[in-house]
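Summary of structural features
Chain residues, written in single-letter form:
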Amino acid sequence: MQRFGYTRAACIAEAIALLSQAESRSAPIAGGTDLLIQLRINPTLYDRVVDVSRIPELRCIEQIGDEIVIGAAVSFSDAISNPVLQNTAPVLAQACRQIGAVQIRNMGTIGGNVANAAACADTLPALACLNARVEIATEQSTFDLPISEFILGPNNTKLPPGGLITRIRFGIPHPLNRGVFIKLGRRNAMAISRLTVAVMGRLDANGTIREIRVAPGSATPTIGRFTPVEQALIRQKPSIALFEHAGQLAVEEMARISGRRWSSEYKEPVLAALVVQALDQVFSEIAVANPQGAR
Amino acid sequence: MNIAFRLNGKDVQVEVREDWNLLTLLRTGLGLTGTKEGCGVGECGVCSVLVDGRLVNSCLTLAAQIEGREVVTIEGLSPQEGQPNDLQLAFIEYGAVQCGFCTPGMVLAGEALLATNPQPTRMEIREAIAGNLCRCTGYQQIVDAIQATAEHRRHTASSINPQEVITPEGGQDA
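Residues numbered from 1 in each chain as written. Chains lettered and ligands numbered in written order. Predicted model: local features only at pLDDT ≥ 70, side-chain atom pairs only at ≥ 80, totals over all residues. Heavy atoms only, no water.

**Quick look at the pattern of salt bridges**
Keep this limit in mind: By definition, a salt bridge exists where a carboxyl oxygen of Asp or Glu is found within 4 Å of a side-chain nitrogen of Lys or Arg.
The final tally for this structure, using the stated rule, is 23 salt bridges over all chains. Residues joined in a network through salt bridges with shared partners are A:Glu67, A:Glu135, A:Arg167 and A:Arg169.

**A few points about the sheet that holds strand S6 (residues 133-137) of chain A**
All names here are of chain A. Operational definition: Here, strands pair whenever DSSP counts at least two bridges between them. Helix and strand assignments come from DSSP, with helices taken as H or I runs of at least 4 residues and strands as E runs of at least 2, each series counted from the N terminus. To get an axis, a line is fitted to the C-alpha atoms, and for a helix only the part in contact is used. The angle between two axes follows their N-to-C directions and goes from 0 to 180 degrees.
Across the sheet, which stays open at both edges, the five strands sit in the order S4-S5-S10-S6-S7 with antiparallel pairing between neighbours. Two strands bound the open sheet, and with one partner strand each, they are strand S4 (61-64) and strand S7 (142-146). Across the sheet, the mean angle separating the axes of adjacent strands is 25° when strand polarity is ignored. As paired strands, S6 and strand S10 (residues 164-171) are joined by five bridges and run antiparallel to one another. Within S10, the residue paired with alanine 137 across the bridge is leucine 164.

**What to know about the state of the cysteines**
Residue and element names in this part refer to chain B. Note the following rule: Cysteine sulfur atoms that come within 2.5 Å of each other are treated as a disulfide pair. Each residue is assigned to one of three classes by its accessible area relative to the maximum for its type, calculated with a 1.4 Å probe on protein chains only: buried under 20%, partly exposed between the two thresholds, exposed over 50%.
The full count for this structure, using the stated rule, is zero disulfides over all chains. Its sulfur unpaired, cysteine 39 is 3.8 Å from the next cysteine sulfur, which belongs to cysteine 44. The exposure class assigned to cysteine 39 is partly exposed, which follows from its relative accessible area of 27%. The thiol of cysteine 102 is not disulfide-bonded; the next cysteine sulfur, from cysteine 134, is found 4.0 Å away.

**Focus on the interface of chain A and chain B**
Convention followed: What makes two residues a contact is simply this: any of their non-hydrogen atoms within 4.5 Å. Buried area adds together the accessible area that both of two parts lose upon being put together, with accessible area traced by a 1.4 Å probe. Only Asp, Glu, Lys and Arg are considered charged in this grouping, and only Ala, Val, Leu, Ile, Met, Phe, Trp, Tyr, Cys and Pro are considered nonpolar; every other residue, Gly among them, is considered polar.
Across the boundary between the two partners, chain A contributes 32 residues, which contact 31 residues of chain B. In total, about 2500 Å² of surface goes out of reach between chain A and chain B, with carbon and sulfur atoms giving 49% of it. Looking at the side of chain A facing chain B, the largest losses of area belong to A:Tyr6, A:Arg54 and A:Gln103, adding up to 24% of the total buried there. Our count for the contact surface shared by chain A and chain B stands at four salt bridges. Taking the shortest distance from any N to any O, the salt bridge between A:Arg105 and B:Glu127 comes out at 3.5 Å. Broken down by secondary-structure element, the contributors of at least two residues to the side of chain A that touches chain B are strand S1 (5-8), helix H2 (35-41), strand S3 (48-51), helix H3 (76-81) and helix H6 (102-107) of chain A. Take the side of chain A that touches chain B: its biggest share by element is six residues, from H6(A). Looking at side-chain class alone, the side of chain A that touches chain B contains 14 nonpolar, ten polar and eight charged residues.

Structure follows, in structure tokens:
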């Protein structure tokens, strides 16, 4: 017996109308890499899936003014190979490159990664680093929320019933910013992230840190930039001692948000090391590329 | 529901159950059992097929989603029906097959790589098959077979020549 039905939506309005019908429990499907596993475990979770993968607006990556707008059904592979993203937000392309293996990257989508909101989702720290906003369409309105507000916790978001994530948008970072995404998994491919960190920053003309954004992933149930870490770094001269201090503050911030857990003994030194490594990569590369700190 | 798509170079129209994945359509609906089911949750890669030239897990693709797409399975890889293509021959030649369960997915992962990167490094080959698990031979022989096929195709005008047997470098003709 058929356990759930399938409908294809041609446009956003049709998708929302289908998702909002009270008589059936519907879920949007694009890549299916999370949803079909959920439906395999619990075939009666939804009455129907609504295919949004062919809605043209959900499939493009555009630069609109000083913003980058990514359709929710853009696959990780498309994001990785997109020249606009490579130029403006390489930290996000780096995060996408480390997801799953080629099959999963060809299928899975950025909107799906955000909607599923796994604690270990690899795009989330990169999107937090980019101050990304999640655009949501419902029958009543279209609105957007910062990613850190949209995600309430593991597999828990502010997506209203009948709503659809349509786009992810963020302001183009200053061109002198360098971004780094580092992932630690149990093996290279197909690994669930144990911890990740996305860092983006730049120096000013005097060689002090002008801008810095630090967003760990898999470290806390919510996602967001670690402001105490950033405050300790801003307007300072990059040094290993400074980076180690920042790593320690990241550990304290993780403990403040998540509390101490069974995994803390492992995660604390690892997060500190990842933060040091990421900061070192961001600023040592700038220092090499720009030894006088000019411009 | 009824869907139309291109399967191994032929237009097909089939009745599918809306909750079927592509793997079930291929194996149960169409009797194409070359595509295997392993984990069923996208971890092992044995169900890999090409959809519009891209490698996907057929266990995580809904059959209804392939309406209008072009699907290539292991059965449709060789231009000569029933004959292995050069990459499949290389798998045999290099001992890259033992139980054979991962082989269809591995071969398609290799083809997906070679279609976009005719000169892959060993690292790139390893990355391209990272979503495909093998529990018998290990991976060296599989990487060897894909690498040899890449070299072979660069040195021959036609990209697919099932008659030619590839031998390891410095080896004897089989």
